[in-house]
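Structure assessment
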Amino acid sequence: GEDVEQSLFLSVREGDSSVINCTYTDSSSTYLYWYKQEPGAGLQLLTYIFSNMDMKQDQRLTVLLNKKDKHLSLRIADTQTGDSAIYFCAEPGANNLFFGTGTRLTVIP
Amino acid sequence: GAVVSQHPSWVICKSGTSVKIECRSLDFQATTMFWYRQFPKQSLMLMATSNEGSKATYEQGVEKDKFLINHASLTLSTLTVTSAHPEDSSFYICSARDPSRGGGYEQFFGPGTRLTVL
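Residues numbered from 1 in each chain as written. Chains lettered and ligands numbered in written order. Predicted model: local features only at pLDDT ≥ 70, side-chain atom pairs only at ≥ 80, totals over all residues. Heavy atoms only, no water.

**A closer look at the environment of Leu46 of chain A**
Residues and elements named next belong to chain A. Defined as follows: Note on conventions: DSSP H or I runs of at least 4 residues are helices, E runs of at least 2 residues are strands, and numbering of each starts at the N terminus. Whether two residues are in contact is decided by their heavy atoms: any pair within 4.5 Å suffices.
Positionally, Leu46 belongs in strand 5 (residues 43-50). The spacing of Leu46 and Leu8 is 38 residues in sequence and 18 Å in space, taken between C-alpha atoms. Dropping the residues within four chain positions of it, Leu46 is found in contact with Trp34, Tyr35, Lys36, Leu61, Leu74 and Tyr87.

Next comes the structure, spelled out in structure tokens:
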């Protein structure tokens, strides 16, 4: 399967920006996804980016894609305590999504 | 739109019993549904992919006789954990793919089912 990697933990202060990074392996991926998982809950699709884009902005979220380096990042502006969660990046396989290990974001009040 | 429900949200059972978990796509038709297992502080582990009307495809290392999957309709898939043992205790999450969105790869997730086997 694909190997999608993320750092495991990130702590930021409330109001600061958070940047969550992800590296993926399949350069032919057409879409790349970011999911959020709050404690004890399923995954919620946050946003996705099409491979022919370098950047996508959606309110406080900015996704940057570097296809050459196979690097994807999610920036959360003005991070709030409600943003504390695990964030997964994912890339499509033949029939499925391959998820990264997840980054646990902790927002310090 | 694109809501997926799971039932039950949590279940406690005795060792040796069977437990059925339902996954429903409420407002779209899901030709493909996925079952994941998540251990504490770990990522999702794909167990199987189920297509409506056909047998599920299990990932390597997942016992198909222990984790029975049925995808009888375009809105319902079930996972039955047969003869459950304490090591089966986990968080089980289903997802459904809506082929009309996100290039067809986008998956919508249920809220998960916490299974505890005593």
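**Concerning the packing of aromatic side chains**
So the rule is basically this: A pair of aromatic rings is counted whenever rings of Phe, Tyr or Trp (Trp by its six-membered ring) have centres within 6.5 Å, and the orientation is called stacked for planes under 30 degrees apart, edge-to-face for over 60 and tilted otherwise. Buried residues are those whose accessible area, probed at 1.4 Å on protein chains only, stays under 20% of the maximum for their type, while exposed residues exceed 50% and partly exposed ones sit between those limits. Remark: a charge is flagged as sitting over a ring if the NZ atom of Lys or the CZ atom of Arg is within 6 Å of the ring centre and within 35 degrees of the ring normal.
By the definition in use, this model includes 13 aromatic pairs over all chains. With 5.2 Å between their ring centres and 80 degrees between their planes, Tyr35 of chain A and Phe109 of chain B make a pair best called edge-to-face. Of this pair, Tyr35 of chain A sits in strand 4 (residues 31-37) while Phe109 of chain B sits in strand 10 (residues 107-109), each in a different chain. Judged by its relative accessible area of 0%, Tyr35 of chain A falls in the buried class. The buried category is assigned to Phe109 of chain B, whose relative accessible area is 9%. Taken together through their ring pairs, the aromatic side chains of Tyr31, Tyr33, Tyr35, Tyr48, Phe50, Phe88 and Phe99 of chain A together with Tyr36 and Phe109 of chain B make up a single cluster. It is Lys56 of chain A that lies over the ring of Tyr48 of chain A; its NZ or CZ is 4.3 Å from the centre.

**Details of unusual backbone geometry**
A cis amide bond, omega 0 degrees, links His7 of chain B with the succeeding residue Pro8 of chain B. Within the element layout of this structure, Pro8 of chain B appears in the loop between strand 1 (4-7) and strand 2 (10-13). Positive phi, normally seen in glycine, also occurs at Lys70 of chain A, with a value near 55 degrees. Positionally, Lys70 of chain A belongs in the loop between strand 7 (61-66) and strand 8 (71-76). Look at Asp78 of chain A: it is not a glycine, yet its phi comes out positive at around 50 degrees. Inspection of the secondary structure assignment puts Asp78 of chain A in the loop between strand 8 and strand 9 (85-92).

**Quick notes on the interface of chain A and chain B**
Let me state the cut-off plainly: Note on definitions: buried area is the accessible-area loss of two parts on being combined, 1.4 Å probe, summed for both. Every case where a carboxyl oxygen of Asp or Glu lies within 4 Å of a side-chain nitrogen of Lys or Arg is listed as a salt bridge. Counted as a polar contact is a pair of N or O atoms within 3.5 Å, where, for protein atoms, one must be capable of donating a hydrogen and the other of accepting one, and residues adjacent in sequence contribute only when both atoms are in side chains. Amino acids are sorted into nonpolar (Ala, Val, Leu, Ile, Met, Phe, Trp, Tyr, Cys and Pro), charged (Asp, Glu, Lys and Arg) and polar (every other residue, Gly among them).
Counting residues at the interface gives 21 residues for chain A and 18 residues for chain B. With both chains or domains summed, chain A and chain B bury close to 1,500 Å², and 56% of this area falls on carbon and sulfur atoms. In this assembly, chain A and chain B are joined by zero salt bridges. Along the contact surface separating chain A from chain B lie three residue pairs in polar contact (both at pLDDT 80 or more). If you list the elements that add at least two residues to the side of chain A that touches chain B, you get strand 4, strand 5, strand 9 and strand 10 (97-99) of chain A. Considering every element that reaches the side of chain A that touches chain B, the biggest residue donor is strand 4 of chain A, with four residues. Here the residues of the side of chain A that touches chain B are counted per class, giving eleven nonpolar, nine polar and one charged.

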